[in-house]
Amino acid sequence: MGAKWKAATAIILFGISVCAVFGFWKYQEVDKKEDRIWHHELAAGADPTLGSDTIPEDYMVDESFTSHLPLVIIDTGGEEIVNYKYYDKETDAMLYPEGVDVYTKIQISVIDNQNSVNRIGEQPAITSSGKIKVRGNHSALLPKHQYRIKLLDEEGEKSGQPLLGMEASDDWILNGTQTDRSYLRTYLAMNLMGEMQPYTPDLRYCEVIIKKGGTYRYDGLYMMMEPIERGTGRVELSRYSPGNAAVPYLLKRDRYDASALSIPSYLDNFPDKRQDWELEWDNDAVLSLVYPNKDKITGQSIQKISDEITELEKALYSDDWMEFIQYRQMIDMESFCDYFIINEYLTSYDAGLHSTYFYKDIGGKIKMGPVWDFDGALDNGSHTLTDYNYIVMKQRPWFECMIQDPVFVNKLCDRYKELRKGILSDENVKEKATEGLKFLGNAIERDSVRWGTEYEASSLDEVVEKSTGLLVQRECGNAQGEVQRIIDFAALHASYLDQHLYDIYVPWDGQKRRNSGLGILFIIAFFVSIILVQRAREGLR
């Protein structure tokens, strides 16, 4: 009896241990989502009035230049950083010329003192060799460039460094936010989502200095950002092995990129499936591979990825209910809900079409994200006025089908209500935006002097509001006014979502899907018959 009791006790204790480990793991996962450090909180003791509120007319500064923000000093060895990117009308894509090394060799130094007092002449926290290029799509044509930086060792090999307290990597982005006069849209978006989901890229403000010989040119206020890629602290996927049947992957939906490896899917062959809903969708939005590397992946692995995406799309766009709901087993629905919510809340309507990422690990489900590209969010589109009384994400690929599933819509609405009580509450967003603006301080003034003329040239269009016929001037002329505008706009749109988010639900109708598909075929057949008749007539002449 004693032996049986001991055995039973051991089994119980083992079960408790397993539960404890599982509980701790889950706690870690939850904590990982909430343990987001905003830069203005990390450097809470910084003095934003530090340094001058202006710079010389020629933008040249000396070693006494001081900022409360980290300084990123890029030594090009006297070379200009050339923008090789150009717009190709035929493909509607930004391309690099073939056969040209678009990178410029650099030495990079980062001055980031614990007391938040940083001068050019001080000892840097990190130095590294590297190379830099202009990045971005249409933003590459703006005067204040975005950059991609690769850190290298003395032998020219990749060399990861933990820049500005972020996870070590050899790959970084400098985002100048030229089209965002609040300087906060991307900062708010990435940090809010970072509190909701892991693997959201981290970012820190900094001021960039270009060194040429013994001189220094002030280049403005930037954000050092983690790019979207596989890696520790980034998107943590299993390492790809060509010999394995299972393939971890990270994909991107965006404009066509001639340098990327496109991944074919179901909707490529059946575009009429989307036309059923009579919704706009840019036909240039294609899927491409981010990970594994296109030079290392096998044809068999590419087919595996394509088959998995095709399986999902066939289910989503099926006219059979039982096949349709199979999509639930293929995706991580929570990640899709969060992606929908953050982009709709911030009216970031490139999402779903461009700069749209999703990934899948071995043995896992397809997860939506990480998020990217918020410069145009919160009514910051160049030519159009964003309507806060409308929901756009319901029209995006895949989501347009999910809103016909009450399970997805209920989960989406419950998650939104939860977030509105905390992370996405009006009070929290207002507080974070106000504190973020205050944190930037004199750096905004210096940047405005450096790029003020270009900012005026790229200002938002005045547009007529359809409901009132009034001409709307959307730019406020200064960062403080612009920040108040995004606070107000976010609150207005959130108020509409509070009342109408559930209205996105569209009862599933398989017959409508079938009939719409037949309608498309009839239209195609009609035009084909006209062409054939015309050719027959020409033959009789």
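See the structure printed just above.
Residues numbered from 1 in each chain as written. Predicted model: local features only at pLDDT ≥ 70, side-chain atom pairs only at ≥ 80, totals over all residues. Heavy atoms only, no water.

K.L.:
Can you tell me about the sheet that holds strand β14 (residues 286–291), naming the residues and giving the values?
P.N.:
With respect to topology, four strands assemble into an open sheet ordered β14-β13-β15-β16, the strand pairing being antiparallel. The open sheet has two edge strands with one neighbour each: β14 and β16 (367–368). Summarising the sheet, strand β13 (residues 249–254) and β14 pair through five bridges and their orientation is antiparallel. In the sheet register, L251 faces β14, and the bridge partner there is L289. (Pairing = 2+ DSSP bridges. Helix = DSSP H or I, 4+ residues; strand = E, 2+ residues; numbered from the N terminus.)

K.L.:
Can you tell me about empty space enclosed by the protein, naming the residues and giving the values?
P.N.:
Inspection of every chain in the model, using the stated rule, returns two cavities of 30 Å³ or more. The wall of the largest cavity is formed by L188, L192, L346, L378, V429, I486, I487 and A490. Of all the secondary-structure elements, those providing two or more residues to the lining of the largest cavity are α3 (185–196) and α13 (479–500). The element best represented in the lining of the largest cavity is α13, accounting for three residues. (1 Å grid on protein atoms, 1.4 Å probe; cavity = no way out; pocket = protein on both sides within 12 Å on 5 of 7 lines; lining within 4 Å. Points joined across faces, edges and corners; volume = space filled by probe spheres on them.)

K.L.:
Pulling in residues and values, what's your account of the nonpolar core?
P.N.:
Counting 98 residues, the largest nonpolar core has Y327 and F408 as the members making the most contacts within it. Ranked by residue count, the leading element in this core is α13, at nine residues. Core analysis: the second largest hydrophobic core is formed by 22 residues, V72, I126, I132 and I149 among them. (Core = buried A, V, L, I, M, F, W, Y, C linked by side-chain atoms within 4.5 Å. Buried < 20%, exposed > 50% of the residue type's maximum accessible area, 1.4 Å probe, protein only.)

K.L.:
Kindly report on α13, identifying the contributing residues and their values.
P.N.:
End to end, α13 covers 31 Å across 22 residues, agreeing with the expected 32 Å (1.5 Å per residue, within 8%). Among all positions of α13, only A479, E482, V483, R485, I486, I487, F489, A490, H493, A494, Y496 and L497 are buried. Its side-chain oxygen at 3.2 Å from the backbone nitrogen of Q480, N478 defines the N-terminal cap of α13. (Expected span 1.5 Å × (residues − 1). Polar contact = N/O pair within 3.5 Å; in protein donor to acceptor, adjacent residues only side chain to side chain.)

K.L.:
Requested: an account of the pattern of salt bridges, with residues and values cited.
P.N.:
All told, the structure shown has 26 salt bridges when counted by the stated rule. R36 is paired through a salt bridge with D202; the nearest N and O atoms lie 3.6 Å apart. Of this pair, R36 sits in the loop between α1 (2–34) and α2 (39–42) while D202 sits in the loop between α3 and β11 (203–212), and the two are 166 residues apart along the sequence. Owing to a relative accessible area of 12%, R36 belongs among the buried residues under this scheme. A salt bridge links K432 to E41; its shortest N-O distance comes to 3.9 Å. One end of the pair, K432, is in helix α11 (residues 426–440); the other, E41, is in helix α2, with 391 residues separating them in the sequence. Classification of K432 by relative accessible area gives buried; the value is 8%. Residues participating in the shared-partner salt-bridge network are D180, R185, D379, E482 and R485. (Salt bridge = Lys/Arg side-chain N within 4 Å of Asp/Glu carboxyl O.)

K.L.:
For the state of the cysteines, give the residues involved together with the corresponding values.
P.N.:
Cysteine pairs can be covalently joined through their sulfur atoms, and such a bond is termed a disulfide. Tallying each qualifying case throughout the model produces zero disulfides. With no disulfide of its own, C413 lies closest to C337 among cysteine sulfurs, the gap being 8.8 Å. Using a relative accessible area of 7% as the deciding quantity, one classes C413 as buried. (Disulfide = S-S within 2.5 Å.)

K.L.:
So what's going on with the environment of I74? Residues and values would help.
P.N.:
Structurally, I74 can be placed in strand β3 (residues 71–75). Take I74: its relative accessible area is 0%, and that puts it in the buried class. In sequence terms I74 and I108 are 34 residues apart; their C-alpha atoms lie 4.7 Å from each other. Leave out the neighbours within four places in its chain, and I74 touches I106, Q107, I108, I132, I149, L174, V208, I209, I210 and K211. (Contact = heavy atoms within 4.5 Å.)

K.L.:
If you had to explain a nonpolar patch on the surface to someone new, which residues and values would you point to?
P.N.:
On the surface, a cluster of nonpolar side chains totalling about 200 Å² of accessible area is made up of V82, Y84 and V100. Relative to the helices and strands, Y84 resides in the loop between β3 and β4 (86–88). According to the relative accessible area criterion, Y84 is partly exposed, its value standing at 30%. (Patch = residues over 30% accessible without salt bridge, like charges linked within 9 Å, V, L, I, M, F, W, Y side chains within 5 Å. Areas by Shrake-Rupley, 256 points an atom, 1.4 Å probe, with all protein chains shown as cover.)

K.L.:
I'd love a proper account of the environment of E313, names of residues and values included.
P.N.:
Mapped onto the fold, E313 is located in helix α6 (residues 299–316). Note on E313: relative accessible area 1%, which makes it buried. Residues within four places of E313 in sequence aside, it is in contact with R253, S265, Y266, L267 and W398. Looking at E313, its side chain comes within polar contact range of the side chain of S265, at 3.0 Å. Of the polar contacts made by the side chain of E313, one reaches the backbone nitrogen of L267; its length is 3.0 Å.

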